[in-house]
Amino acid sequence: MKKSFLIYLISLIIAFLGDVSMRSLACNSANGNLLDNMQNDEEEYIHPEQKKLDILHYDLDILADHRNKIIYGTAVLTATGQADSIVLNFFDNMDILRVALNGAETLFSEYGNKIYIQEKIKTEDTVTVSVTYRGTPVMEGHTSFIFGEINTNPLMYTINEPMSASRWFPSNDLPTDKALLDIKITADSGLVSVSNGKLIGVYPKGSKKTYHWQTKYPISTYLISVNISDYAHFTDTYTGLRNEKMELHYFPVKEHQKEAMIDWEDHPAMIRVFAELFGEYPFIDEKYGVTEFLWMNGALEHQTITSIGYKLVTGRKYFNDILVHELAHQWWGNAVGPASWKDIWLNEGFATYSEALYDEALYGKGALSANMNRIYSIHFAGTLYDPPELFGRMVYDKGAWVLHMLRNEIGDLYFFRLLREYYQKYKYKNASTFDFVALAKEVSEMDLDWFFDQWVFKGDNIPVIEWSKSLKKENNRVYLQIKLSQIQDKFPVYRIPVDIVINYEKRRSERVFVLMDEREKSITVELKDELQTISFDPDTRVLASFNEKESE
Ligand SMILES: [Zn+2]
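Given the structure is predicted, the values throughout are model-derived calculations rather than measurements. (Residues numbered from 1 in each chain as written. Predicted model: local features only at pLDDT ≥ 70, side-chain atom pairs only at ≥ 80, totals over all residues. Heavy atoms only, no water.)

## Looking at the pairing of strand β21 (residues 306–309)
Burial of β21 is two-sided: the residues Thr306 and Ile308 facing one way and the residues Ser307 and Gly309 facing the other way are all buried. Across four bridges, the pairing between strand β19 (residues 288–293) and β21 is parallel. Of the residues in β21, the one forming a bridge with Thr291 is Ser307. Two elements, strand β20 (residues 298–300) and β21, share two bridges in a ladder whose sense is antiparallel. Bridging from a neighbouring strand, Leu300 pairs with Ser307 of β21. As consecutive antiparallel partners, β20 and β21 are separated by five residues, and within that stretch Thr304 has a phi angle of approximately 70°, a positive value. (Buried < 20%, exposed > 50% of the residue type's maximum accessible area, 1.4 Å probe, protein only. Helix = DSSP H or I, 4+ residues; strand = E, 2+ residues; numbered from the N terminus. Pairing = 2+ DSSP bridges.)

If you want it as structure tokens, here you go:
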């Protein structure tokens, strides 16, 4: 998921007026809290029995009646596991007409947006639970099954992330219970229904038309999507690392076809960049695609079919960074899923750093540094693991910075080996932050506990280093002393590699290095010429604030 903040739009306008680079003005000072106050309440949402359940397959049959804003659904879940009862998430405003277990109607109860079926299930068993229902899904924030309209045409779409799949179908709605999926979407025959995976068939019946989509790669419920409108359709082809061909399917709203053909044309090259960096595109036997929805704030990385807000389709590639971000999620988030929502930085930090890696692949190290500067902030409240805001900027930008600093700590060779091994090991599964830490230590053969403690688990916000300088003359030589103090209050002592540049006259300079691993440190350097200025972290390597102390 990536939001395009208002401030970013404002910066675009400034960019137009000022005729300067838009990316350089893509300000990161917007505060996600204003737009999204989603709390991490998965403990309340998920009943303990649900973690013992394993859904193998969802067969969803959804009829969307846009005139009455009602969906009629039948969900057939094939499940196994070791549980005392079958508990599923499903919002209680939906009218349940029938629940069947292995084909026979069964009793069930509803409580707290969950349905309970008193049936023990064992790992050697496979059962089917069938739920027939109808109703108007309720929204929370921007999530649900939404009946919208664009230029008097219906546009229906879903946003499930993080915990809203059960607003429109009964599900074991936790990211670790991945399953296979068949989804049959029925709507007016003039409308096109788009979903995950491959299109198996289109079946007209009277005034309606049913689209059957199939996903054979395991998918988390939050990544299942429905988009229905009178979409246009065009295709492209991605050639894989072994020369295999994969179709790209694009579904813009009709009046955006021309713009979408421009905006989305870089995808084959984008996929190639990530395939070479991380490993082949994870869903190569199915597709990648983009469609438009009405969430105006950004885009969502549904598996094999990203949805992007229709205001972000401009025909001028203004929002390429969002497309790159959502594509990167196909590796980070979709193929390698989070073990829980506490691990959300493994989705968003990775996708955000992938934007920087993409720019680096195209334009070099300067573009990488520009990206890191763009997402630098001194307002990263909370810890990255189990963050206070699931989709706050801290998760995205500090998450990306942590990967950038890890890369500097272990070096490019081990960093990219780590990303590739992490992808191979957890592809089509889920990984926790602890899994990632363990693999980082294994691949690099380094003790990195201190690193993840300070940047991910315990360190809140960023380190603040106050510095002061003094000059001393001795035997006709001039010595510069720089004193550094860590003054942040949320974490006692960070270990930070600090490059300092001493700038002399005539553009001459020299570099000194301090490993800032104590609260206070100082360094003395014999000056080689008249001192001009002192600057810190010239290569954009550390997430820290360097402030000169007012002279006493
Ligand atoms: Zn994202």
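Next comes the rest of the account.
## With respect to the coordination of the zinc ion
Where a metal carries four tetrahedral donors, each ideal angle is 109.5 degrees; where it carries six octahedral donors, the ideal angles are 90 or 180 degrees. Looking at the zinc ion, the protein donor atoms are Met1 (N), Met1 (O), His325 (NE2), His329 (NE2) and Glu348 (OE), and they sit 2.0 to 2.5 Å from it. For the zinc ion, all donor residues lie on one chain, and their spacing in sequence is M-x323-H-x3-H-x18-E. Taken together, the positions of His329 in helix α6 (residues 320–329) and Glu348 in helix α7 (residues 345–363) put the pair 19 residues apart, joining distant regions of the chain. Note on His329: relative accessible area 0%, which makes it buried. (Donors = N, O, S within 2.8 Å, 3.2 Å for Na, K, Ca; no water.)

## So, the packing of helix α9 (residues 393–426) against helix α11 (residues 449–457)
Look at α9 against α11: their axes get within 11 Å of each other, and the N-to-C directions meet at 165°. It follows from the interaxial angle that α9 and α11 lie roughly antiparallel. Along this stretch, α9 crosses α11, giving a crossing that reads as right-handed. The residues of α11 that touch α9, namely those facing Lys398, Val402, Met405, Leu406 and Glu409, are Trp450, Phe451, Phe452, Trp455 and Val456. (Axes fitted to C-alpha atoms, helices over the stretch in contact; angles between N-to-C directions. Parallel < 35°, antiparallel > 145°, perpendicular 65-115°, else oblique. Left-handed = near helix turned anticlockwise from the far one by under 90°. Contact = heavy atoms within 4.5 Å.)

## Focus on the sheet that holds strand β25 (residues 477–486)
Reading across the sheet, the four strands line up as β28-β25-β24-β30 and stay open at both edges, with mixed pairing between neighbours. On the outer flanks of this sheet lie β28 (520–526) and β30 (545–548), each paired with one strand and no other. With strand direction ignored, the average angle separating the axes of adjacent strands in the sheet is 25°.

## Comments concerning the domain arrangement of the protein chain
Looking at the protein chain, the domain boundaries give domain 1 (48–230), domain 2 (337–457) and domain 3 (464–548). A C-alpha centroid distance of 32 Å is found between domain 1 and domain 2. Across the boundary between the two partners, domain 1 contributes nine residues, which contact 13 residues of domain 2. Inspection of the region where domain 1 meets domain 2 yields zero salt bridges. Here domain 1 and domain 2 share three residue pairs in polar contact (both at pLDDT 80 or more) between them. Tallied by class, residues from the side of domain 1 that touches domain 2 come to six nonpolar, one polar and two charged. (Domains from an automatic or database assignment. Salt bridge = Lys/Arg side-chain N within 4 Å of Asp/Glu carboxyl O. Polar contact = N/O pair within 3.5 Å; in protein donor to acceptor, adjacent residues only side chain to side chain. Nonpolar A, V, L, I, M, F, W, Y, C, P; charged D, E, K, R; others polar.)

## Notes on helix α10 (residues 433–444)
An ideal rise of 1.5 Å per residue puts 16 Å on twelve residues; α10 measures up with 16 Å between its terminal C-alpha atoms. Within α10, burial applies to Thr433, Phe436, Val437, Leu439, Ala440, Val443 and Ser444. The buried residues of α10 occupy an angular sector of 165° when projected down its axis, which confines them to one face. Its buried side turned inward, α10 meets α7, α9, β23 (429–431) and α11. Glu445 lies just past α10 and shows a positive phi near 55°. (Expected span 1.5 Å × (residues − 1). Arc of directions from axis to C-beta.)

## Some points on the packing of aromatic side chains
Counting across every chain of the model gives 45 aromatic pairs. Here Tyr281 and Phe283 contribute two aromatic rings whose centre-to-centre distance is 5.8 Å and whose plane-to-plane angle is 85°, an arrangement assigned as edge-to-face. Residue class for Tyr281 comes out buried when judged on its relative accessible area of 1%. For Phe283, a relative accessible area of 0% puts it in the buried group. Above the ring of Tyr396, the side-chain terminus of Arg393 is found at 4.9 Å from the ring centroid. The ring of Trp450 has Arg495 lying over it, and the distance from NZ or CZ to the ring centre is 4.2 Å. (Phe/Tyr/Trp six-rings, centres within 6.5 Å; stacked < 30°, edge-to-face > 60°. Lys NZ or Arg CZ within 6 Å of the ring centre and 35° of its normal.)

## Remarks on the pattern of salt bridges
In the structure shown here, the tally under the stated rule is 28 salt bridges. Glu276 serves as the salt-bridge partner of Arg272, at 3.0 Å between the closest nitrogen and oxygen. Placement of both Arg272 and Glu276 in helix α5 (residues 267–278) is noted, with a separation of four residues, approximately one turn of the helix. For Glu276, a relative accessible area of 48% puts it in the partly exposed group. Residue Glu548 is joined to Lys469 by a salt bridge in which the shortest nitrogen-to-oxygen separation is 3.4 Å. Of the two residues, Glu548 sits in strand β30 while Lys469 sits in strand β24 (residues 464–474), which places them 79 residues apart along the sequence. Overlapping salt bridges, with partners in common, bring together Lys2, Asp321, Glu355 and Arg374 in one network.

## Describing the side chain of Ser307
With respect to the helices and strands, the residue Ser307 is situated in strand β21. We classify Ser307 as buried; its relative accessible area is 0%. A distance of 3.0 Å separates the side chain of Ser307 from the side chain of His302, its partner in a polar contact. In this structure, Ser307 is in contact with Asn227, Thr291, Phe293, Gly298, Ala299, Leu300 and His302, ignoring residues within four places of it in sequence.

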